[in-house]
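Architecture and fold: a report
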Amino acid sequence: MFETDKDVLDWYERQPRALSKDYVNSIKWDDIKDHPLNPAFFPVLLYMRDIEYYTDMYYRELLRTPTGRDPVIRKFMDRWSTEELHHADLLNRFLNEAGYPTEEKWQTQVIRSIPATYKVQTYLLNIAVKPWVAIEDFAVAAGEINQAILEIFRDARIVIPFPKREVRMVAAA
Ligand SMILES: [Fe+2]
């Protein structure tokens, strides 16, 4: 019985990974081609793959909410943001094994398909402006351009948070 959020988190952290490397390697990937898939499923699987891959974007959005700032939920979300990308990879591999080739860099295509306004709003896009002016004018020009960008964004109700970078230490494979 769980009494607190932390109890749930501790239990969750103790569970072995369901999609461990050994488990994934034990899947008979070569057998998939022997069981023809109705082509009507291909767009469905592509959609599911992309939805999984977009998790990082959902994760970034959730981090901006009170829910995302809860330390226990945040910990779940950290796991979630990496595991779902793994699911996307597995779905892509399944598609390939089933005879549906995908681009080598399909992840880039998936991200490119997101509308630009949405990328800006969810911080997937980095904006850097470097004015090409005489050295003595650089600071003033950069300031004016940044001010203009901020005003345009403010008018469009686009909010840019403080720059943030996370460093995660992972065990060597
Ligand atoms: Fe998933």
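Here's a quick rundown of the structure. As the structure is a computational prediction, the values presented were derived from the model and not from experiment. Residue indices begin from 1 for each chain and proceed along its sequence in written order. Side-chain atom pairs in this predicted model are given and counted only at pLDDT of 80 or more, local residue features only at pLDDT of at least 70, and totals for whole chains, interfaces and linings cover all residues.

Put simply, DSSP marks the helices as runs of H or I at least four residues long and the strands as runs of E at least two long, and each gets a number from the N terminus on. Across its full length, the protein chain carries nine helices and zero strands. Of the regular secondary structure in the protein chain, the N- to C-terminal order runs α-α-α-α-α-α-α-α-α. Computed over C-alpha atoms, the radius of gyration of the protein chain comes to 22 Å, more than 25% over the 16 Å expected from 2.2 N^0.38 for 173 residues, which places it beyond the range of a compact globule. Dimensions of the protein chain, computed from C-alpha atoms along their principal axes, come out at roughly 65 × 45 × 35 Å. The 173 residues of the protein chain split such that 5% are buried. Just to be clear, the radius of gyration here is over C-alpha atoms, and the globule rule we use is 2.2 Å times residues to the power 0.38. We call a residue exposed when 12 or fewer other C-beta atoms sit within 10 Å of its C-beta, buried when the count reaches 20 or more, and partly exposed for counts in between; the C-beta positions come from the backbone.

In this analysis an axis means a line fitted to C-alpha atoms, helices contributing only their contacting stretch, and an angle means the value between N-to-C directions, from 0 to 180 degrees. Packing of helix 1 (residues 5–14) against helix 6 (residues 71–97) brings their axes to within 9 Å, and their N-to-C directions diverge by 20°. By the criterion of interaxial angle, the relationship of helix 1 to helix 6 is roughly parallel. In this structure, helix 1 meets helix 6 at a crossing whose hand is left-handed. Residues Asp 5, Lys 6, Leu 9 and Tyr 12 of helix 1 touch helix 6, and the partners they reach there are Val 72, Lys 75 and Phe 76. Nonpolar residues are Ala, Val, Leu, Ile, Met, Phe, Trp, Tyr, Cys and Pro. Charged residues are Asp, Glu, Lys and Arg, and all others, Gly as well, are polar. Residue classes in the contact of helix 1 with helix 6 are distributed as four nonpolar, no polar and three charged. When an angle is under 35 degrees it counts as roughly parallel; over 145 it counts as roughly antiparallel; between 65 and 115 it counts as roughly perpendicular; any other value is oblique. When the near helix sits turned anticlockwise from the far one by under a right angle, the crossing is termed left-handed; a clockwise turn instead gives a right-handed crossing. Contacts here follow a simple rule: the backbone-placed C-beta atoms of the two residues must lie within 7 Å.

It is worth spelling out helix 6 at this point. Between its first and last C-alpha atoms helix 6 spans 40 Å; for 27 residues at 1.5 Å apiece the expected length is 39 Å, and the two agree. Within helix 6 the residues assigned to the buried category are Ala 88, Leu 91, Asn 92 and Leu 95. Count one or two residues on from helix 6 and you reach Gly 99, which has phi positive near 95°. Each helix should span, by expectation, one fewer than its residue count multiplied by 1.5 Å.

With that settled, consider the nonpolar core. In this usage, the nonpolar core is the set of buried Ala, Val, Leu, Ile, Met, Phe, Trp, Tyr and Cys residues whose C-beta atoms join them within 7 Å. Within the largest apolar cluster, five residues are counted, these being Tyr 53, Ala 88, Leu 91, Leu 95 and Val 110. Counting residues per element, this core draws most heavily on helix 6, at three residues. When near neighbours in sequence (up to four residues on either side) are disregarded, Leu 95 contacts Phe 42, Leu 45, Leu 46, Tyr 100 and Thr 102.

Relative to the helices and strands, Glu 13 is located in helix 1. Look at Glu 13 and you get exposed, because 10 C-beta atoms sit within 10 Å. It is 9.6 Å that separates the C-alpha atoms of Glu 13 and Lys 75, two residues lying 62 residues apart in sequence.

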